[in-house]
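Per-entry structural report
Each chain, written out:
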Amino acid sequence: IMDKLLYITNSMKYQYGGAVINRRNYNLLHDIYEDNLFVYEFEYANDETRFVKLKNRLTGLYFGITKQYIRDVLKIIEQQGINIVFISNSLFSCFANAIRKKFPDMVILSFFHNVEYIYAKEEYKATRGIKYLLQSFLAYVYERRMIKEVDKVIVLNKRDAQELMRIYHRKSDLILPTSFEDKLKCRNSGGRKTDTQLKLLFVGSHFFANVHGILWFVDGVMPFLENVTLYIVGKDLEMERERLEKNNVQVVGTVDCLETWYEKADVVISPIFLGSGMKTKTAEALMYGKPILGTKEAFEGYDTDPAKVGALCNTATEFIETIGKIQQDYDWIEQHGIYARKEYKTRYDYKISLNEFRSFMRKI
């Protein structure tokens, strides 16, 4: 490919949430464009005063994007002779707007991690914080402007494609689900010993949908389980230690290496009820070959039968009963773990998304 592509993204250094997908998208672009890929990676500026913050939001500068960042991007496009721009987030329409004004023929693509308008509404529902109400209004404005400026829209799943159509009357151009490079070094072999405790694992960073879900689980499910330990792992979750820790619940919080915890666990739980997009942690659990007990939201966007990779549990009773059954049947973990790993290999391996994305970019 002879085109030169500029990838505009916020920081990719984190090991959770959107940063995981931003880094995956960077890898896809790098594997296709190699030396013709240019990257503008920025940290949100957080030195704005309250007044400047509000003014920026209302004039279309998304949280922590500055006019200087936009000038930097326009300069790179000019100096490097960029033909295509890939914007990593649907809320960064201030970039799309400025690029379209200065380079009317530029091919611009935008990636939607969620339909952010819905996501902000969910956050408002969960917290009733007035700032999230403003955020949902701004998300609508930014996303609508992004859709107006870009040539191609990429989403994570069918639900987001439908919501995009419903809210903005725009068809998405590609559905590119979550995918992971294979990090599994060794497959835990053999079933569990019948005399050991069942080890449950929850993985997620400290943000509203995760905190809401795991609090619900710790209060509504864990008191009714015997001979079970739950480990809660994820960036900044130690901040919730007081609310979460009980005699059968251990809050680990931020860790350097997730693999150790996946290896240690028998079953991954994902009691998520809020949000949009796809839960990257579901694909991660599949990659590590771990059965998942998750809600409808946890499996959203996955073309996977929950009963084959674990179980669909939407109520406390369903979680309690399923965990009780697993404790009676030690082969269950092994069988569902093997199937989970197979699902990852056939649907959510990085190589599969690379092939799909490459053929999409060729047409452009």
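Cut-offs and rules
- Residues numbered from 1 in each chain as written.
- Predicted model: local features only at pLDDT ≥ 70, side-chain atom pairs only at ≥ 80, totals over all residues.
- Heavy atoms only, no water.
- Helix = DSSP H or I, 4+ residues; strand = E, 2+ residues; numbered from the N terminus.
- Buried < 20%, exposed > 50% of the residue type's maximum accessible area, 1.4 Å probe, protein only.
- Contact = heavy atoms within 4.5 Å.
- Areas by Shrake-Rupley, 256 points an atom, 1.4 Å probe, with all protein chains shown as cover.
- Lys, Arg positive; Asp, Glu negative; His and termini not counted.
- Charge placed at Lys NZ, Arg CZ, Asp CG, Glu CD.
- Patch = residues over 30% accessible without salt bridge, like charges linked within 9 Å, V, L, I, M, F, W, Y side chains within 5 Å.
- Salt bridge = Lys/Arg side-chain N within 4 Å of Asp/Glu carboxyl O.
- Core = buried A, V, L, I, M, F, W, Y, C linked by side-chain atoms within 4.5 Å.
- Phe/Tyr/Trp six-rings, centres within 6.5 Å; stacked < 30°, edge-to-face > 60°.
- Pairing = 2+ DSSP bridges.
- Axes fitted to C-alpha atoms, helices over the stretch in contact; angles between N-to-C directions.
- Expected span 1.5 Å × (residues − 1).
- Right-handed = clockwise from strand over helix to strand, strands pointing away.

Things to note about the overall build of the protein
A count of helical and extended segments in the protein gives 15 helices and 12 strands. Referenced to the eigenvectors of the C-alpha coordinate spread, the extents of the protein come out at roughly 70 × 45 × 35 Å. Each of the 364 residues in the protein was classed as buried or not, and the buried ones make up 56%. Taking contacts inside the protein between residues at least 6 apart in sequence as the whole, the part at least 24 apart equals 70%. In the form shown here, the protein has an accessible surface area of approximately 17,000 Å², with 51% of it arising from carbon and sulfur atoms. Here the protein carries 52 positive and 47 negative side-chain charges, and the mean point of each set is 5 Å from the other.

Topic: a negative patch on the surface
A cluster of like negative charges, contributed by Asp-31, Glu-34, Asp-35 and Glu-181, occupies part of the molecular surface. For Asp-35, the position within the fold is in the loop between helix H1 (17–33) and strand E2 (37–42). The class of Asp-35 is exposed, set by a relative accessible area of 73%.

Focus: a nonpolar patch on the surface
A surface patch of nonpolar side chains, amounting to about 330 Å² of accessible area, comprises Leu-54, Leu-134, Phe-137 and Val-141. In terms of residue count, helix H6 (residues 130–149) provides more of the nonpolar patch than any other element does, 3 residues in total. Along the polypeptide, Val-141 turns up in helix H6. By relative accessible area, Val-141 is classed as partly exposed at 35%.

A short note on the side chain of Thr-178
Within the element layout of this structure, Thr-178 appears in the loop between strand E6 (174–175) and strand E7 (198–203). Sequence-distant contacts of Thr-178, that is, excluding residues within four places in its chain, are made with Ile-21, Arg-24, Leu-156, Met-278, Thr-280, Ala-283, Tyr-302 and Tyr-348.

Some points on the nonpolar core
Counting 48 residues, the largest nonpolar core has Leu-5, Phe-86, Ile-154, Leu-201 and Phe-357 as the members making the most contacts within it. For this core, the element with the most residues is H1, which contributes 6 residues. Setting aside residues no more than four positions away along its own chain, Leu-201 makes contact with Leu-230, Tyr-231, Val-233, Trp-261, Tyr-262, Ala-265, Val-267, Val-268 and Ile-269. Leu-6, Ile-8, Leu-74 and Val-153 belong to the second largest nonpolar core, which has 42 residues in total.

Thoughts on the packing of aromatic side chains
Applying the stated criterion to the full structure yields 22 aromatic pairs. Judged by centre distance (4.5 Å) and plane angle (20°), the rings of Tyr-262 and Tyr-288 are stacked. With Tyr-262 in helix H10 (residues 259–264) and Tyr-288 in the loop between helix H11 (280–287) and strand E11 (292–294), the pair connects residues that are 26 residues apart, well separated along the chain. With a relative accessible area of 1%, Tyr-262 lands in the buried category. These aromatic residues form a ring-pair network of at least three members: Tyr-40, Phe-42, Tyr-44, Tyr-69, Phe-92 and Phe-95.

Topic: the sheet that holds E6
Here we have 6 strands laid out as an open sheet, ordered E2-E1-E3-E4-E5-E6, and parallel in their pairing. Sheet topology places E2 and E6 at the edges, where each strand pairs with a single neighbour. Summarising the sheet, strand E5 (residues 152–155) and E6 pair through 2 bridges and their orientation is parallel. Pairing of Val-155 across the sheet is with Ile-175, part of E6. Where helix H7 (residues 158–168) meets the sheet, it contacts strand E4 (107–112), E5 and E6, and its direction lies at approximately 135° from that of E5.

A few points about helix H5 (residues 116–127)
In this model H5 runs 16 Å from its N-terminal to its C-terminal C-alpha over 12 residues, within 8% of the 16 Å that 1.5 Å per residue would give. Along H5, the residues classified as buried are Glu-116, Ile-118, Tyr-119, Ala-120, Glu-122, Glu-123 and Tyr-124. On its buried side, H5 packs onto H6, H7 and helix H8 (208–220). Directly beyond the C-terminal end of H5, a positive phi value near 60° is found at Arg-128.

Here's the deal with the pairing of E5
Bridging between E4 and E5 involves 4 bridges; their strand directions are parallel. Along E5, the bridge assignment pairs Phe-111 with Ile-154. Handedness of the E5-H7-E6 crossover: right-handed.

Focus on the environment of Glu-123
Turning to its location among the elements, Glu-123 is positioned in helix H5. By relative accessible area, Glu-123 is classed as buried at 13%. Considered as a pair, Glu-123 and Gln-135 are 12 residues apart in the sequence and their alpha carbons are 9.4 Å apart. Those residues in contact with Glu-123, other than ones at most four positions away along the chain, are Arg-128, Tyr-132, Gln-135 and Phe-208.

Side note on the environment of Asp-331
Mapped onto the elements, Asp-331 comes out in helix H14 (residues 331–348). For Asp-331, a relative accessible area of 48% puts it in the partly exposed group. For the pair formed by Asp-331 and Ile-167, sequence separation is 164 residues and the distance between their alpha carbons is 46 Å.

Some remarks on the pattern of salt bridges
As enumerated under the stated definition, the model contains 19 salt bridges in all. Taking the shortest distance from any N to any O, the salt bridge between Lys-13 and Glu-43 comes out at 3.1 Å. Taken together, the residues Lys-13 in the loop between strand E1 (5–10) and H1 and Glu-43 in the loop between E2 and helix H2 (50–58) connect sequence positions 30 residues apart. Classification of Lys-13 as exposed rests on a relative accessible area of 52%. Among the salt bridges present, the one from Glu-163 reaches Arg-166, with a minimum N-O distance of 2.6 Å. Within this pair, Glu-163 and its partner Arg-166 are both found in helix H7, separated by 3 residues, close to a single helical turn. In this structure, a network of salt bridges that share partners links the residues Arg-159, Lys-279, Lys-296, Glu-297 and Glu-300.

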